[in-house]
Every structure is written in structure tokens, then in C-alpha cells.
Amino acid sequence: MPSLRNDLEVHIREALISDAQRICALAVQLRYQVPVAHVERFLAGRSADRELFVAIVPRVGVVGWIGVCVRATLTSAPFGEVEGLVVDQEYRGANIGLGLLQRAEAWSRARECITVRLRSNVIRERAHGFYVRNGYEVVKTQHLFEKRL
């Protein structure tokens, strides 16, 4: 993939099991605690309807990732859903998030999805601006309920 910024070479590829530790370290920047073993199992068990891409800067390594899957419900046609998007805080603003988002959109399009959805915590205002600038719109506000079993 060509450079996403004139002075920064970035490549986006499918994640490898060897990327698991760095993927977890980046998730921590958004306050998500994800065990390495969980990411390794996820990567080992990927299917045609789920992918994880990483952004690589040469001589630095993984600086971002995006998870995407195909979802279909009784009330909606299949759509791509971004399950998570993180760019290392030192590399934010360098169009890496845009490159990852475009890769997830292309992946979804190739699976005949006509929309891509994502969820973003209400406190991530900078991220909301990023999504709006890139053609996303808020279509619903909801509460997430959870019950421990």
C-alpha cells in the first residue's frame, strides 16, 4: 500500500499471530484490557466473515489495527461492522486511521455489504469528528446493557 502521508511510509496487511502482543498494547491506549491469548485465538480461528488488519510503519512495527466483520440480523441486510479501531497515540493525525478504515470498507464491499457500521464511546469526541469527516453519520443513540453470567 502506498504511503498515507508524504513523510511516513505505512503498510496495511492482515494481522498475524505474532502481532497479538502489540495489538493488546494498543488496545490499552483506549482502556481496553485484552489478553494476548484471546487475540491469538481470535487470529487463529478467523473465518471468511471476520478480519483484523494492522498498520505497519517500517522499523517501528504495528502502529494501529482495525477489526471488521460481516453481520446480518433479522431486521437488516448484511453490513460490515468495525469491531475496533486503534492508532498509536504517537501516530494519530497521520492518516493511518483513514487507511485502516478504507481497508475495512473495501473488505466489507468485497463481501457485498452496502454499509459499514461502527460504535464509538460517547467520550471519544475526537474520534467522532474523524468518522463524520470520513462520511459516517450518527443514525442511532442507544444504551448498551450487559449482564454477567
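Bear in mind that the values here come from a model prediction, so they are computed numbers and not experimental data.

Observations concerning the sheet that holds strand S3 (residues 61–73)
Working definition: the strands of a sheet are paired by backbone hydrogen bonds and lie parallel or antiparallel to each other.
Next, step 1: Spatial ordering of the open sheet is given by S1-S2-S3-S4-S5, a layout of five strands whose pairing is mixed. Taken across any chain shown, the strands that pair with only one partner, and hence form the sheet edges, are strand S1 (11–14) and strand S5 (116–118). Strand-to-strand twist across the sheet, computed as the mean angle between neighbouring axes with direction ignored, equals 30 degrees.
Next, step 2: Helix-sheet contacts for helix H1 (residues 20–28) involve strand S2 (50–57), S3 and strand S4 (76–87), and the interaxial angle to S3 is about 85 degrees.

Overview of the packing of aromatic side chains
Next, step 1: Across all of its chains, the model carries two aromatic pairs by this definition.
Next, step 2: Centroid distance Tyr 131 to Tyr 136: 6.2 Å. Interplanar angle 65 degrees. Geometry classified as edge-to-face. Comparing Tyr 131 with Tyr 136 shows no difference in burial state: the two are buried.
Next, step 3: Pairwise contacts between aromatic rings join Phe 130, Tyr 131 and Tyr 136 into one cluster.
Next, step 4: The side chain of Arg 117 reaches across the aromatic face of Phe 79, ending 3.9 Å from its centre.

Some words on the side chain of Ser 76
Next, step 1: For Ser 76, the location among the structural elements is in strand S4.
Next, step 2: Accessibility expressed as a relative area gives 17% for Ser 76, which makes it buried.
Next, step 3: Within polar-contact distance, the side chain of Ser 76 engages the side chain of Thr 73 at 3.0 Å.

Observations regarding the pattern of salt bridges
Next, step 1: Throughout the structure, instances matching the rule amount to seven salt bridges.
Next, step 2: Across the salt bridge formed by Asp 19 and Arg 13, the nearest N and O atoms sit 2.7 Å from each other.
Next, step 3: Given a relative accessible area of 7%, Asp 19 falls into the buried group.
Next, step 4: You can call Arg 13 partly exposed: its relative accessible area is 29%.
Next, step 5: The residue Arg 22 makes a salt bridge to Asp 88 at a minimum N-O spacing of 2.5 Å. Pair noted here: Arg 22 is in helix H1 and Asp 88 is in the loop between S4 and helix H3 (96–110), with a separation of 66 residues, a long-range link.
Next, step 6: It is possible to trace a salt-bridge network through shared partners that takes in Arg 50, Arg 71, Glu 81, Glu 83 and Arg 119.

Conventions we followed
Residues numbered from 1 in each chain as written. Predicted model: local features only at pLDDT ≥ 70, side-chain atom pairs only at ≥ 80, totals over all residues. Heavy atoms only, no water. Pairing = 2+ DSSP bridges. Helix = DSSP H or I, 4+ residues; strand = E, 2+ residues; numbered from the N terminus. Axes fitted to C-alpha atoms, helices over the stretch in contact; angles between N-to-C directions. Contact = heavy atoms within 4.5 Å. Phe/Tyr/Trp six-rings, centres within 6.5 Å; stacked < 30°, edge-to-face > 60°. Buried < 20%, exposed > 50% of the residue type's maximum accessible area, 1.4 Å probe, protein only. Lys NZ or Arg CZ within 6 Å of the ring centre and 35° of its normal. Polar contact = N/O pair within 3.5 Å; in protein donor to acceptor, adjacent residues only side chain to side chain. Salt bridge = Lys/Arg side-chain N within 4 Å of Asp/Glu carboxyl O.

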